[in-house]
Amino acid sequence: MKIDLHAHSNCSDGKESVEEVFRQAKLAGVDVLALTDHDTTHGWPLAAAAAKAEGIGFVPGIEVTTRAHVTSHEGKLRKFGVHMLAYLPDPNHEELKTVLRNSVESRELRLRQIVDKVGAVYDLTWDDVEPMIEAGATFGRPAVADALVKREHFKSRKHVFKALWGKNTKHDFYVPNRGVPDTIEAIKLIRLAGGVPIIAHPLSRGKGPKFGQPMPREHFEEMIAAGLAGFEVNHRDVSWRARRWLKNLAKEHDLIVTGSSDYHGLTGKPNRLGENTTSKEMLDRIIAQATGTSPQL
Ligand code: AMP
Ligand code: FE
Ligand code: FE
Ligand code: ZN
């Protein structure tokens, strides 16, 4: 049974409609798919219908943008983004709705700031970026990338990310998501809304400790104490060293481990539906912990 618990549609920064994502899931032989758009549940009703039409299962989810505030051993406060998957929360939970609305609003302001920075170097304005996003969808850097590709400055999203937000870039085009919940608060809120919080691609994309440095055990213990349910261990952006450490930590605390694709459409990212999967046992554990809404299996 192929269970993929992380995919995006054009309700956030995926390239395809919800219907197309489920069509592609069927083609890829996926039996159960979670739709986890960034900071929104807008795609859920479409996904329920599309999954039914394709004859596959659907797990409602959200990839919640959060910001961690962690004090290092030297006493320095470090802030960084953490993506928190929330499975099966109540989409009508008032506080969750408010927090997500604030995140979506602040994401738009932040993207406008990014466009100002990028526009100072490349020929690009907000009028190029806005049409790249469906009405009501969550704003993110991929829309800037799509606009730069459309203007033929770059070949693909990947090339834009490498040139603008990769390592050792000449300009600083980054603006953090400041209007999003603190990671610990988000974990507690997802639980309050009956959802199951699982960190998306933990320690990925250079966020893990460098070779020879210790793993951030205290940060993880703090998240676990707040109600974290598990880790998305098997994801292409998680290093083998991190996977090994996370699996041990999960065993120690009897937590859930998942695997997923993080699909963003055939042309959005190289990630392919079903390239990483979650066991039936782990999906059952997620469902057993959830009280917010039901999966459609
Ligand atoms: P943001 O939410 O604005 O911080 O943008 C992050 C999003 O950009 C992620 O959720 C991915 O969808 C996308 N992304 C990150 N790196 C890449 C990449 N190298 N190629 C394509 N998309 C990427
Ligand atoms: Fe994304
Ligand atoms: Fe993510
Ligand atoms: Zn994702």
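Residues numbered from 1 in each chain as written. Chains lettered and ligands numbered in written order. Predicted model: local features only at pLDDT ≥ 70, side-chain atom pairs only at ≥ 80, totals over all residues. Heavy atoms only, no water.

Caption draft 1: Inspection of the site of ligand 1 at higher detail. Within the structure, ligand 1 sits among 13 residues, and Asp13, His38, Arg110, Arg141 and His264 are positioned closest to it. Arginine 107 places a polar side-chain atom, nitrogen or oxygen, 3.0 Å from an oxygen atom of ligand 1. Coverage of ligand 1 by the protein chains reaches 89% of its 500 Å² of free accessible surface. Every element with two or more residues in the shell around ligand 1 is listed here: α3 (94-119), α5 (141-150) and α6 (157-165). It is α6 that contributes the most residues to the shell around ligand 1, 3 residues altogether. Class assignment for the residues of the shell around ligand 1 results in 2 nonpolar, 4 polar and 7 charged. (Near = heavy atom within 4 Å. Polar contact = N/O pair within 3.5 Å; in protein donor to acceptor, adjacent residues only side chain to side chain. Areas by Shrake-Rupley, 256 points an atom, 1.4 Å probe, with all protein chains shown as cover. Helix = DSSP H or I, 4+ residues; strand = E, 2+ residues; numbered from the N terminus. Nonpolar A, V, L, I, M, F, W, Y, C, P; charged D, E, K, R; others polar.)

Caption draft 2: Up close: the side chain of threonine 40. Relative to the helices and strands, threonine 40 resides in the loop between β2 (32-35) and α2 (44-54). Given a relative accessible area of 6%, threonine 40 falls into the buried group. Of note is the side chain of threonine 40, whose polar atom sits 3.0 Å from the backbone nitrogen of histidine 42. With near-sequence residues (within four places) excluded, threonine 40 lies in contact with Cys11, Gly61, Ile62 and Thr138. (Buried < 20%, exposed > 50% of the residue type's maximum accessible area, 1.4 Å probe, protein only. Contact = heavy atoms within 4.5 Å.)

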